[in-house]
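Chain residues, written in single-letter form:
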Amino acid sequence: MIAPGMLVCLSPIVFGVLFGKEALAGMLPGALVSGVQMAISASNTGGAWDNAKKYISSPDNELRAASGVPLDKDQREEAHKASVIGDTIGDPMKDTYGPALNILIKLMAIISVVFAPTVGDPKMGGLLFDRLFSAWAVKDAPPGDSL
């Protein structure tokens, strides 16, 4: 758990220092959009697996195959075994993994705000991109122009 935590904490700092504030401002919406999509997907998927086990375990229902034929006892037992596995995965997905992505998004944004002065500083932010683009701009500038 240390490595994923460090990835979340260090990626805005490293990204901002190497590529600059503009690139960091582009990384944050990407992290937000992908994190929200993954959180919603994980919560819905986990809930579906959890409800499938409740449905299969319920004595009231009559499970049917895709053809519409009711399942026999062996087939019901296989379906129940599969639903237990799905429930084992589904509960943590909907209860921990989905909501934890919210914390990940907020943590990346807060770290970016805290380190904004460092990333915005011309001497620290954009060490790679700013130096690279400024070298290209000077090389391609017309004679007599200076940046």
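So, how was this worked out
- Residues numbered from 1 in each chain as written.
- Predicted model: local features only at pLDDT ≥ 70, side-chain atom pairs only at ≥ 80, totals over all residues.
- Heavy atoms only, no water.
- Helix = DSSP H or I, 4+ residues; strand = E, 2+ residues; numbered from the N terminus.
- Buried < 20%, exposed > 50% of the residue type's maximum accessible area, 1.4 Å probe, protein only.
- Contact = heavy atoms within 4.5 Å.
- Expected span 1.5 Å × (residues − 1).
- Core = buried A, V, L, I, M, F, W, Y, C linked by side-chain atoms within 4.5 Å.
- pLDDT = per-residue confidence, 0-100.
- Axes fitted to C-alpha atoms, helices over the stretch in contact; angles between N-to-C directions.
- Nonpolar A, V, L, I, M, F, W, Y, C, P; charged D, E, K, R; others polar.

This next bit is on the environment of Gly35. Position of Gly35 relative to the elements: it lies in helix H2 (residues 21–57). Assessed through its relative accessible area of 4%, Gly35 is described here as buried. Along the chain, Gly35 and Ile103 lie 68 residues apart, while their C-alpha atoms are 9.9 Å from each other. Contacts of Gly35, omitting those with residues within four sequence positions, involve Leu101 and Ile105.

Here we take up H2. In this model, H2 (37 residues) spans 54 Å end to end at C-alpha, consistent with the 54 Å of a helix rising 1.5 Å per residue. Every buried residue of H2 is accounted for by Ala23, Leu24, Met27, Ala31, Gly35, Ala39, Ala42, Gly46, Gly47, Asp50 and Ile56. Buried residues belonging to H2 abut helix H1 (2–19), helix H3 (73–114) and helix H4 (116–120).

This part takes up the side chain of Asp50. Topologically, Asp50 is positioned in helix H2. Among residues more than four places away in sequence, those in contact with Asp50 are Asp87, Asp91 and Lys94.

Take the nonpolar core next. Core analysis: the biggest nonpolar cluster contains 6 residues, these being Val8, Leu24, Met27, Ala31, Met108 and Val119. Looking at this core element by element, the count peaks at 3 residues for H2.

Glancing now at the confidence of the model for the protein. The share of residues in the protein with pLDDT of 70 or more is 86%, and the mean pLDDT across the chain is 83. The lowest-confidence element of the protein is helix H5 (residues 129–140), averaging 66 in pLDDT; the highest-confidence one is H1, averaging 92.

What follows is about the environment of Glu62. Note on placement: Glu62 falls in the loop between H2 and H3. The exposure class of Glu62 is partly exposed, given its relative accessible area of 45%. Considering only alpha carbons, one finds Glu62 and Arg76, 14 residues apart in sequence, at a separation of 9.4 Å. Those residues in contact with Glu62, other than ones at most four positions away along the chain, are Pro70 and Arg76.

Another aspect to go through is the packing of H1 against H2. Put simply, H1 and H2 touch, their axes get as near as 7 Å, and they point 145° apart. Facing Ser11, Pro12, Phe15, Gly16 and Phe19 of H1, the residues of H2 in contact are Lys21, Ala23, Leu24 and Met27. Here the contact of H1 with H2 is composed, by residue class, of 6 nonpolar, 2 polar and 1 charged.

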